[in-house]
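Structural characterization, general
In case you want the letters, here they are:
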Amino acid sequence: MKLFEGLAQYQPQALAVLRIMTALQFIEHGTQKLFNFPAGAHAEALTGIALTSGILEFAGGVLLLLGLFTRPVAFLLCGEMAIAYFMAHFPRDFFPVNNGGDSAISFCFIFLYLIFAGAGAFALDNRRNA
């Protein structure tokens with residue numbers, strides 16, 4: 001369709017918007033675990049896995065937001081989300097809509113895509129590779 005053919009030129013910017021918005025949401029998960037901000041109902045002592053995931057979510061989210069080391073960071077975060085799904089969500093129920101794992105699955109596959117697609121526009125990776 002001719003209408004959509006012209007959109008291909010904006011692919012790097014669209015990829016950047018996906019990366020940036022995903023990073024902002026991911027940072028929020030990290031800040032909630034690490035700093036209880038925004039305040040949540042599941043405030044817990046940070047030990048072991050919760051501390052590790054909070055650090056990965058916050059630091060990894062910031063790096064993705066900046067578009068810095070996008071591919072290796074996305075690789076780590078993709079693995080984190082796969083582990084989170086199978087450790088925390090899957091044992092509750094088989095179906096993601098019932099076990100609360102929808103966002104973990106979505107994050108996992110967005111990060112998987114970023115491993116292959118890279119950072120897109122507006123990324124510090126672009127300056128490192130120049």
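Okay, helix α3 (residues 48-66) next. Taking 1.5 Å of rise per residue, the 19 residues of α3 would be expected to cover 27 Å, and the 27 Å separating its terminal C-alpha atoms lies within 8% of that figure. Taken together, the buried positions of α3 are occupied by Ala 50, Ser 53, Gly 54, Glu 57, Gly 60, Gly 61 and Leu 64. Axial view of α3: buried residues confined to an arc of 160 degrees, hence all on one face. Taken together, the buried residues of α3 touch α2 (11-35), α4 (70-89) and α6 (102-117). The positive-phi residue at the C-terminal boundary of α3 is Gly 67, with phi of around 70 degrees.

All right, on to unusual backbone geometry then. Following Phe 37, the chain continues into Pro 38 via a peptide bond in cis, with omega recorded as -5 degrees. Of note, Pro 38 is situated in the loop between α2 and α3. A positive phi angle, close to 55 degrees, is found at Phe 69, a residue other than glycine. Relative to the assigned elements, Phe 69 resides in the loop between α3 and α4. Take Phe 69: its relative accessible area is 38%, and that puts it in the partly exposed class. For Phe 122, which is not glycine, the phi torsion reads 60 degrees and is therefore positive. The residue Phe 122 is located in the loop between α6 and α7 (124-128) in this model.

This brings us to the nonpolar core. Counting residues in each nonpolar core, the largest one holds 16 residues, and the members touching the most others are Phe 26, Leu 64, Leu 77, Met 81, Phe 111 and Leu 114. Elements represented by at least two residues in this core include exactly α2, α4 and α6. Contact partners of Met 81, with chain neighbours within four places excluded, come to Phe 26, Glu 57, Ala 104, Phe 107, Cys 108 and Phe 111.

Before going further, it helps to spend a moment on the packing of aromatic side chains. What describes a pair of aromatic rings is the distance from one ring centre to the other and the angle between the planes of the rings. Following the criterion strictly, the structure yields nine aromatic pairs and no others. When the centroid spacing of 5.2 Å and the interplanar angle of 85 degrees are considered together, the rings of Tyr 85 and Phe 86 count as edge-to-face. Considering the side-chain rings of Tyr 85 and Phe 90, the 6.2 Å spacing of their centres and the 50 degrees angle between planes classify their relative orientation as tilted. Given a relative accessible area of 7%, Tyr 85 falls into the buried group. The exposure class of Phe 90 is partly exposed, given its relative accessible area of 35%. Members of the aromatic cluster, joined through ring pairs, are Tyr 85, Phe 86, Phe 90, Phe 94 and Phe 95.

Moving on, we come to the packing of α3 against α4. At a closest axis distance of 10 Å, the pairing of α3 and α4 adopts a crossing angle of 145 degrees. Classified by chirality, the crossing of α4 by α3 is left-handed. Within the contact between the two elements, α3 uses Ile 49, Ser 53, Leu 56, Glu 57, Gly 60, Gly 61, Leu 63 and Leu 64 and α4 uses Thr 70, Val 73, Ala 74, Leu 77, Glu 80, Met 81 and Met 87. Looking at side-chain class alone, the contact of α3 with α4 contains nine nonpolar, four polar and two charged residues.

The rules we used
- Residues numbered from 1 in each chain as written.
- Predicted model: local features only at pLDDT ≥ 70, side-chain atom pairs only at ≥ 80, totals over all residues.
- Heavy atoms only, no water.
- Helix = DSSP H or I, 4+ residues; strand = E, 2+ residues; numbered from the N terminus.
- Expected span 1.5 Å × (residues − 1).
- Buried < 20%, exposed > 50% of the residue type's maximum accessible area, 1.4 Å probe, protein only.
- Arc of directions from axis to C-beta.
- Contact = heavy atoms within 4.5 Å.
- Core = buried A, V, L, I, M, F, W, Y, C linked by side-chain atoms within 4.5 Å.
- Phe/Tyr/Trp six-rings, centres within 6.5 Å; stacked < 30°, edge-to-face > 60°.
- Axes fitted to C-alpha atoms, helices over the stretch in contact; angles between N-to-C directions.
- Left-handed = near helix turned anticlockwise from the far one by under 90°.
- Nonpolar A, V, L, I, M, F, W, Y, C, P; charged D, E, K, R; others polar.

Honestly, it's all geometry; don't read function into it.
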